[in-house]
Amino acid sequence: AKTGLMTASSFFTRQNKSSIYSICPPFRFESIEEGVYRGAYPTMRNFTFLSSLGLRTIISLIPEEPSTDLATFANLVGARTVWIKTPKYKENVNMDKDTVRSVLEEMICPENLPLYVHCIDGLHVT
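Note that the coordinates shown come from a computational prediction; the quantities given were computed from them, not determined experimentally.

J.: Can you walk me through the sheet that holds strand β1 (residues 30-33) in this structure?
T.: The strands that make up a sheet pair up through hydrogen bonds in the backbone, lying either parallel or antiparallel. The sheet built from five strands is open, its strands ordered β1-β2-β5-β3-β4 with mixed pairing. Looking at the sheet topology across the chains shown, the edges are occupied by β1 and β4 (80-83). Within the sheet, the average angular offset between the axes of one strand and its neighbour, ignoring direction, is 20°. Sheet analysis places strand β3 (residues 57-60) next to strand β5 (residues 115-118), joined by four bridges and oriented parallel. Its bridge partner lying in β5, S60 is registered against H118. Along the sheet, helix α3 (residues 68-77) makes contact with β3, β4 and β5, crossing β3 at roughly 160°.

Here is the structure:
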C-alpha cells in the first residue's frame, strides 16, 4: 500500500545533479578544511548536494539516533555513520573530554575523509 510519503531512497534516486536539489546544502553548511564539512542535521532536500561531496563518513552529534532517511542516504552513497549521543544545547555543550577526543579522532583520520559532522541546528555543537 502506498502511503504517499517519499523515502530517502526514492527521493535521492529521483533527483539528478542538474536539479535545484543539487544546490541545497544543509542549513549553516560550511567547509572547515578540505574534506571536512559541518552544519545542521541534513534533510532529504540536502542529500543530492551532500552526495556531490563524496562523503565517506557522517558524524551525528545529536540526542537521538539519526533518522532512517539519513541512514538510508549514507548507505546509498557508501558513507559510514557515526552517532555520538550529545544532549541538546541549553546554556552550554555538555561533552566530556573522551567524547571530544573520539570526535576529533574521527575527524583527523584520513580514511574517514571527506566527512560531514552535524548537530541539530548547526550552531552550538558543531
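Having put the structure on the table, let's press on.
J.: Would you mind going over the nonpolar core with me for this structure?
T.: Generally speaking, a soluble globular protein has its nonpolar side chains buried in company with each other. Counting 12 residues, the largest nonpolar core is built from Y37, F47, F49, L50, L53, L55, I58, L70, F73, A74, A79 and Y116. Mapped onto this core, the elements with two or more residues apiece are α2 (47-51) and α3. Beyond its immediate chain neighbours, meaning those up to four positions away, I58 contacts L70, F73, A74, A79, R80, T81, V82, Y116 and H118. In this structure, V36, I59, M107 and V117 belong to the second largest nonpolar core, which totals nine residues.

J.: Explain the packing of aromatic side chains to me, please; I cannot follow it from the model alone.
T.: The relative placement of two aromatic rings is captured by the distance of their centres and the angle of their planes. A full pass over the atoms with the stated rule returns four aromatic pairs. Arranged with centres 6.2 Å apart and planes meeting at 20°, the rings of F29 and Y116 form a pair that is stacked. Within this pair, whereas F29 is found in the loop between α1 (8-14) and β1, its partner Y116 is found in strand β5, the two being separated by 87 residues in sequence. Classification of Y116 as buried rests on a relative accessible area of 0%. A network of ring pairs unites the aromatic residues F29, Y37, F49 and Y116 as a single cluster.

Conventions we followed
Residues numbered from 1 in each chain as written. Predicted model: local features only at pLDDT ≥ 70, side-chain atom pairs only at ≥ 80, totals over all residues. Heavy atoms only, no water. Pairing = 2+ DSSP bridges. Helix = DSSP H or I, 4+ residues; strand = E, 2+ residues; numbered from the N terminus. Axes fitted to C-alpha atoms, helices over the stretch in contact; angles between N-to-C directions. Contact = heavy atoms within 4.5 Å. Core = buried A, V, L, I, M, F, W, Y, C linked by side-chain atoms within 4.5 Å. Buried < 20%, exposed > 50% of the residue type's maximum accessible area, 1.4 Å probe, protein only. Phe/Tyr/Trp six-rings, centres within 6.5 Å; stacked < 30°, edge-to-face > 60°.

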